[in-house]
Amino acid sequence: MRGKNPTNNPVSLFSRVSGVAAAVAAAGFFAAPASAQLEGVLEEIVVTAQKREESLQDVPISVATMQGESLNALFSGAEDVLALSGRVPGLYAESSNGRSAPRFYLRGLGNIDFDLAASQPVSFIVDEVVMENVVLKGFPLFDIQNIEVIRGPQGTLFGRNTTAGIIKVNTRRPGEEFSGYLKGSYGNYGTTNLEGAVGGSLIDGELSARASVLHRTRDNWITNGFTNQKSLGRYNESAGRLQLMWTPNDNLTALLSHQNRSLNGTSSIFRANVLSTGSNGLNTNYDRDVVYFDGGDNNPQSYQSHGTTLNLTWDFDNFSFNSITSYQQADGSSRGDIDGGVVDFSSTATVPPGITFDPASIIFGNPALTFPGTITVDSVTQDGADTDQLTQEFRLSSNSDGPFNWQVGAFFFQSDLVVTTDSFASFGFVSRQDTQIQQENTTWAVFGQTSYDVSDRLTLTAGVRYTDDDKDFRVLQFGQLWLDLGIPTFLADPINVSDGQTSWEVAANFSLNDSSSLYSRFANGFRAQTIQGRDVAFLETPTVAEAETIDSFEIGYKADLFDGRGRVNLGVFHYEVDDMQLSVIGGAGNTNQVVNADKGVATGFEFEADFLLGEYFLISIGSSYNDTEIEDATLATAPCGSGLCTPLDPVNPANAAQVLVDGNPFPRSPETTHNLNMRLHAPIGNNAELYVSNDWVWYGDINMPLYEAVEFKTDGHYETGIRLGYMNHDNGLEVAVFARNLTDQDNVLGFIDFSNNAAFVNEPQTYGLEVAWEFGN
């Protein structure tokens, strides 16, 4: 067991890492301004992690930001939101739903559930509005001011389902000055990325607007070797945002925003038997450009979404009142050949040369020719979601320069989600009626936070929030085949769960000098109870997990060094999750269930540094370490289908078909992440430059399922990107060539373990040319 290894003991590890924090703090405290004579300083970073604008270095929370050129470079090849993964320490992201439903992890805490009704402990917030459902989280990123990654529980100000933290997206707002940009890129696979924005004053001093648009496409580039057609991999995505800002007087600011998205393309690509039993490396069945699908209709995916938000702010002499009202809606579906191969009951299909096959695999009691390799379950499914949410927040906050600052507020959330599952595609049926389930969620909360400057050097912060959360689950209809066969009526029983929880935080920030500080923070939060009902489509009962609660402690050091030419942030944390919600996915029974573990514990750190070396070279580095462990002596799960993998966990003495997961790391929790960004430029003339930028991300050990097996562990995955360009600061013109996944790494992101050792992988190497023009202010 990991927990019995003294070198992995959370207390001893926390002591060691705390010592590192103290040493770095001491070094910063006594550091001399050795580079005071050099020109140029790092730009100050302003964040809104506490719902007010503050310098990043003054916030007693572990926060990382992405903005500007380094952020835009991630999307040169028309990448989706998953491009954020690993770009700041402790952040990981993946999806088995194509470009529609990302899953995020912070400090090792996330949810591996692929279902469209799954709840996540990482909240995704766009312009102060939570995007609760996973489909809403996939809205493309463009015309962005910055992205804040706020680590650790944020229950006081942001509510439930923030036990791991928050990804907070702030788009560019309208301004008085006429400004905008146009950008276009073209790359391999017919990849295009077109985007632009324009904004300015419509009525001088009173009404301004900003319109932003995006269009991303890619051609089919994956050949289906079964049909000999290049028929997978495409997407066509368009999105737009229109904002109007009205300031009729000095007191009132009204911001109205509307956004739309349309996505059509290919969902995730599962590849049969590309992992061999006893190994976690891709085998000879793997070819990035070729798959063998006999079902799934080329894995189509289609989603549409729209949302409208009204943000009103009244400024008075000593306080401000803020109202944020938002409605968001999304609907669509994805279909997939989940087994990732060919199941031919006629045994007449031609097996391609070099591909392993099984001439007589037994499927549903009948022999079949399968390839690549042995496939034991013929699996094709389609899932769709139709979701809408209404949110309302009222907030009253102090607006003064005094030592005492405060904010109080109330929050309301209501959502309706209908998930439709076609569970008959595997059997070759065209269903007259699919299974539909509905989940309704109503939440309200009240909260308050205050901070007090005890002295010029010490600031104390405290906050509390009470949340009431209510969920209803019902089966709207069953698949017609199950009705024809006669289903157990207990499956249709509705479910209601509700809970009230209090979250809190206390923090202290102590300035060592004008350029460095120490902080500490205790915080408590919770993830609301979860109902998982996808298995109803396969005649299984829904499962319910109780609310999980987290107690977190962190200490940190922040410093601006070398007269503003260096910046260092270090955070050390330890947290415990009681009644930890975990998802049991796949396995021999091919289930999708939620369970509660007694406890989950984690200890680790994040380190970030930026240095301006000389006049022309900027380097940013980041690193994180997460030591996570499930603590539940009796929690057990069924591992992979018979003979598919090599489980490493002890067999459950109460059920030989299961293994015990006590002591395992959190699923899909990278033990380490490292990132590196470098930018070197050479001036040309008075106000132009040639530049080259290079970014890297590395991941350490990742155990993908709830159980441990040799085949489903990854280690040492990395990706790098490069950009070479010319930028003219006078006329705003930029021309660059770029490459993403420059070394064309084949990184396994997920797996299928109930039918065969299938996997899905990262995006391929993309490269191209980009031209951009920024104009106005």
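Thresholds, definitions, all that
- Each chain carries its own residue numbering, running from 1 in the written order of its sequence.
- At least 70 in pLDDT is required for a residue's local features to be given in this predicted model, at least 80 for side-chain atom pairs to be given and counted, and no such filter applies to totals for whole chains, interfaces and linings, which use all residues.
- As a rule here, side-chain values cover all heavy atoms of the structure and leave hydrogens and water aside.
- Helix numbers and strand numbers start at the N terminus; a helix is a DSSP run of H or I with at least 4 residues, a strand a run of E with at least 2.
- The classification of residues rests on relative accessible area computed with a 1.4 Å probe and restricted to protein chains. Under 20% of the type maximum is buried, over 50% is exposed, and intermediate values are partly exposed.
- The contact rule is simple, with two residues in contact once any of their heavy atoms fall within 4.5 Å.
- A 1.4 Å probe and the Shrake-Rupley method give the accessible areas. Residues count as covered only by the protein chains that appear here.
- For two strands to be treated as a pair, DSSP must find no fewer than two bridges joining them.
- Two cysteine sulfurs form what is called a disulfide whenever their separation falls within 2.5 Å.
- Any pair of Phe, Tyr and Trp rings, taking the six-membered ring for Trp, is counted once the centres come within 6.5 Å. Such a pair is stacked with planes under 30 degrees apart, edge-to-face with planes over 60 apart, and tilted for the rest.
- Buried residues of nine kinds, namely Ala, Val, Leu, Ile, Met, Phe, Trp, Tyr and Cys, make up a nonpolar core once their side-chain atoms join them within 4.5 Å.
- Confidence of the prediction at every residue is given by pLDDT, a number between 0 and 100.
- We define a salt bridge as a contact between a side-chain nitrogen of Lys or Arg and a carboxyl oxygen of Asp or Glu at a distance within 4 Å.
- Any pair of N or O atoms that falls within 3.5 Å is considered a polar contact. Within protein, one atom must be able to donate a hydrogen and the other to accept it, and sequence-neighbouring residues count only if both atoms are side-chain atoms.

Caption draft 1: The arrangement of the overall build of the protein chain in detail. What the protein chain contains, in helices and strands, is four helices and 46 strands. The proportion of buried residues among the 777 residues of the protein chain is 59%. Partitioning the contacts of the protein chain with sequence separation of at least 6, the portion at a separation of at least 24 is 68%. On the protein chain, roughly 29,200 Å² of surface is accessible, and the fraction owed to carbon and sulfur atoms is 56%.

Caption draft 2: How the structure looks around the sheet that holds strand S36 (residues 651-652). Reading across the sheet, the three strands line up as S35-S37-S36 and stay open at both edges, with antiparallel pairing between neighbours. Each edge of the open sheet is held by one strand with a lone partner, namely strand S35 (636-637) and S36. The pairing of S35 with strand S37 (residues 655-660) spans two bridges and is antiparallel. Note that in S37 the partner of alanine 636 across the bridge is leucine 660.

Caption draft 3: The arrangement of the sheet that holds strand S17 (residues 290-291) in detail. Taken together, the three strands give an open sheet; going across it, the order is S14-S13-S17, and neighbouring strands pair in mixed fashion. Of all strands in the sheet, those bounded by a partner on one side alone are strand S14 (229-232) and S17. Here strand S13 (residues 222-224) runs beside S17; their pairing, made up of two bridges, is parallel. Looking at the pairing, threonine 223 lines up with valine 290 of S17.

Caption draft 4: View of the state of the cysteines. Tallying each qualifying case throughout the model produces one disulfide. Linked covalently through their sulfurs, cysteine 640 and cysteine 645 form a disulfide whose S-S length is 1.9 Å. Its S-S torsion of about -90° marks the bond between cysteine 640 and cysteine 645 as left-handed, since a negative value means left-handed. Residue classification places cysteine 640 among the buried positions, given a relative accessible area of 7%.

Caption draft 5: Local environment of the side chain of serine 208. Structurally, the position occupied by serine 208 is in strand S12 (residues 207-218). Classification of serine 208 by relative accessible area gives buried; the value is 3%. Apart from the residues within four sequence positions on either side, serine 208 is in contact with Pro174, Gly175, Glu176, Gly200, Ser201, Leu202, Gln243, Leu244 and Met245.

Caption draft 6: Focus on the packing of aromatic side chains. For the structure shown, the criterion picks out 21 aromatic pairs. On the basis of an interplanar angle of 40° and a centroid distance of 4.8 Å, the ring pair of tyrosine 189 and tryptophan 221 is categorised as tilted. In this pair, tyrosine 189 is assigned in the loop between strand S10 (179-187) and strand S11 (191-203) and tryptophan 221 in the loop between S12 and S13, connecting sequence segments 32 residues apart. Measuring from ring centre to ring centre gives 6.4 Å for tyrosine 707 and phenylalanine 712, while their planes differ by 75°; the resulting arrangement is edge-to-face.

Caption draft 7: Up close: the nonpolar core. Leu84, Phe124, Leu141, Ile147, Tyr707 and Phe712 are the most contacted members of the largest nonpolar core, which totals 91 residues. With six residues, the top contributor of residues to this core is strand S32 (residues 566-586). Those residues in contact with phenylalanine 124 that lie beyond four places of it in its chain are Val81, Phe104, Val129, Val130, Met131, Lys137, Leu141, Ile167 and Val169. Counting 17 residues, the second-largest nonpolar core is a separate cluster that includes Ile45, Val130, Ile150 and Leu157.

Caption draft 8: Quick look at the confidence of the model for the protein chain. Across the protein chain, pLDDT averages 91, with 93% of residues at or above 70. Every residue in residues 1-38 is under pLDDT 50, and counting partners more than four places away or in other chains gives 52 contacts.

Caption draft 9: Representation of the pattern of salt bridges within the structure. The tally for this structure, following the rule as stated, stands at 36 salt bridges. Note that arginine 87 and aspartate 695 form a salt bridge whose closest N and O atoms lie 2.8 Å from each other. A residue pair is termed long-range when its members are at least 10 positions apart, and arginine 87 in the loop between helix H2 (68-73) and strand S4 (91-94) and aspartate 695 in strand S39 (residues 688-699) qualify at 608 residues. We note that arginine 87, like aspartate 695, is buried. For arginine 151, the salt bridge identified is with glutamate 608, shortest N-O distance 2.7 Å. Placement of the pair is arginine 151 in strand S8 (residues 144-151) and glutamate 608 in strand S33 (residues 591-613), with a sequence separation of 457 residues. Look at glutamate 608 and you get buried, because its relative accessible area is 16%. It is possible to trace a salt-bridge network through shared partners that takes in Arg107, Arg151, Glu554, Glu606 and Glu608.

Caption draft 10: Just the environment of threonine 192, in detail. Within the secondary structure, threonine 192 sits in strand S11. Residues threonine 192 and alanine 78, spaced 114 residues apart in sequence, show a C-alpha to C-alpha distance of 6.7 Å. With near-sequence residues (within four places) excluded, threonine 192 lies in contact with Ala78, Ser185, Tyr186, His215, Arg216 and Thr217. A polar side-chain atom of threonine 192 sits 2.4 Å from a polar atom in the side chain of threonine 217.

Caption draft 11: Seen up close, unusual backbone geometry. Here the amide bond leading from phenylalanine 371 into proline 372 is cis, since omega sits at -10°, within 30 degrees of zero. Tracing the sequence through the fold places proline 372 in the loop between strand S22 (366-371) and strand S23 (380-398). You will see that aspartate 563, though not glycine, has its phi angle at about 55°, which is positive. Mapped onto the secondary structure, aspartate 563 falls in the loop between strand S31 (548-561) and S32. Non-glycine residue aspartate 579 carries a positive phi angle of around 55°. Inspection of the secondary structure puts aspartate 579 in strand S32. Owing to a relative accessible area of 31%, aspartate 579 belongs among the partly exposed residues under this scheme.

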